Amino acid sequence: MPWYILHQTLIIAFAAYLGKFSLGPVIKPLQLLLMPFTDCFTCDEVIESFTLTRFIFGLKLSRRKNTLN
């Protein structure tokens, strides 16, 4: 769920930021793909770490632990 909420905002923010630079027709799209992906991954880890942010983003309040039997 956090990825769904964050990805569009991050893409627009990075596009506005990268628009200032003349990086070429290959580098700019690659950065526009990689930057939001890495930031969504990082933000997702942070969001899932705290109860308040889990609540704000509509996640279950308790994280299930994976157990191997």
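Below you will find a few notes about this structure. Keep in mind it's a predicted model, so treat the numbers as computed, not measured. Residues take numbers from 1 onward in each chain, read along the sequence in its written order. Whole-chain, interface and lining totals are the exception, using all residues; otherwise, since this is a predicted model, local features are given only for residues with pLDDT of at least 70 and side-chain atom pairs are given and counted only at 80 or more. Derived side-chain values reflect all non-hydrogen atoms in the structure, with water molecules and hydrogen atoms excluded from consideration.

1. Description of helix H2 (residues 27-47)
Since one α-helical turn is 3.6 residues long, residues separated by three or four positions face the same way. Helix and strand assignments follow DSSP, with helices taken as H or I runs no shorter than four residues and strands as E runs no shorter than two, numbered in order from the N terminus. Every helix has an expected span of 1.5 Å times one less than the residues it contains. If you check H2, its first and last C-alpha atoms are 30 Å apart, about what 21 residues at 1.5 Å a residue would give, namely 30 Å. Each residue gets one of three labels from its accessible area relative to the maximum for its type: buried under 20%, exposed over 50%, partly exposed in between, using a 1.4 Å probe on protein chains only. Buried within H2 we find Pro-36, Cys-40, Asp-44 and Ile-47. All buried residues of H2 fall inside an arc of 70 degrees around its axis, so they share one side. The arc refers to the directions leading from the helix axis to the C-beta atoms.

2. Observations regarding the packing of helix H1 (residues 2-18) against H2
All axes here are fitted lines through C-alpha atoms, helices being fitted over the stretch that makes contact, and every angle between N-to-C directions spans 0 to 180 degrees. The contact between H1 and H2 brings their axes to 9 Å, and the two run at 140 degrees. In terms of axis orientation, H1 runs oblique to H2. For the pair H1 and H2, the sense of crossing is right-handed. For the pair formed by H1 and H2, the contact residues are Pro-2, Trp-3, Leu-6, His-7, Leu-10, Ile-11, Phe-14, Ala-15 and Leu-18 on the first element and Lys-28, Gln-31, Leu-32, Met-35, Pro-36, Phe-37, Asp-39, Cys-40, Phe-41, Cys-43, Asp-44 and Ile-47 on the second. All amino acids are sorted into three groups, where Ala, Val, Leu, Ile, Met, Phe, Trp, Tyr, Cys and Pro are nonpolar, Asp, Glu, Lys and Arg are charged, and the leftover types, Gly among them, are polar. Tallied by class, residues from the contact of H1 with H2 come to 16 nonpolar, two polar and three charged. By the definition adopted for this analysis, an angle is roughly parallel if under 35 degrees, roughly antiparallel if over 145, roughly perpendicular if from 65 to 115, and oblique otherwise. Throughout, a crossing is termed right-handed when the near helix is turned clockwise from the far one, and left-handed when it is turned anticlockwise from it by less than a right angle. Residue contacts are counted whenever heavy atoms from the two residues lie within 4.5 Å of one another.

3. What about the nonpolar core?
The nonpolar core is taken to be a set of buried Ala, Val, Leu, Ile, Met, Phe, Trp, Tyr and Cys residues, with the residues joined through side-chain atoms within 4.5 Å. If you look at the biggest cluster of nonpolar residues, it comprises six residues: Leu-6, Leu-10, Phe-14, Cys-40, Ile-47 and Phe-57. Of all the secondary-structure elements, those providing two or more residues to this core are H1 and H2. When residues of this core are assigned to their parent elements, the largest contribution, three residues, is made by H1.

4. Quick look at H1
Helix length check: H1, at 17 residues, gives a terminal C-alpha distance of 23 Å against a target of 24 Å (1.5 Å per residue), a fit within 8%. Restricting attention to buried positions, one finds in H1 the residues Pro-2, Leu-6, Leu-10, Phe-14 and Leu-18. Residues of H1 that are buried sit in contact with H2.

5. Things to note about the state of the cysteines
Where two cysteines share a covalent bond between their sulfur atoms, that bond is called a disulfide. In this description, a disulfide is simply a cysteine sulfur pair whose atoms lie within 2.5 Å. Within this structure, the stated rule accounts for zero disulfides. Looking at Cys-40, it has no disulfide partner, and the nearest cysteine sulfur is the one in Cys-43, 6.7 Å off. Judged by relative accessible area, which is 1%, Cys-40 ranks as buried.

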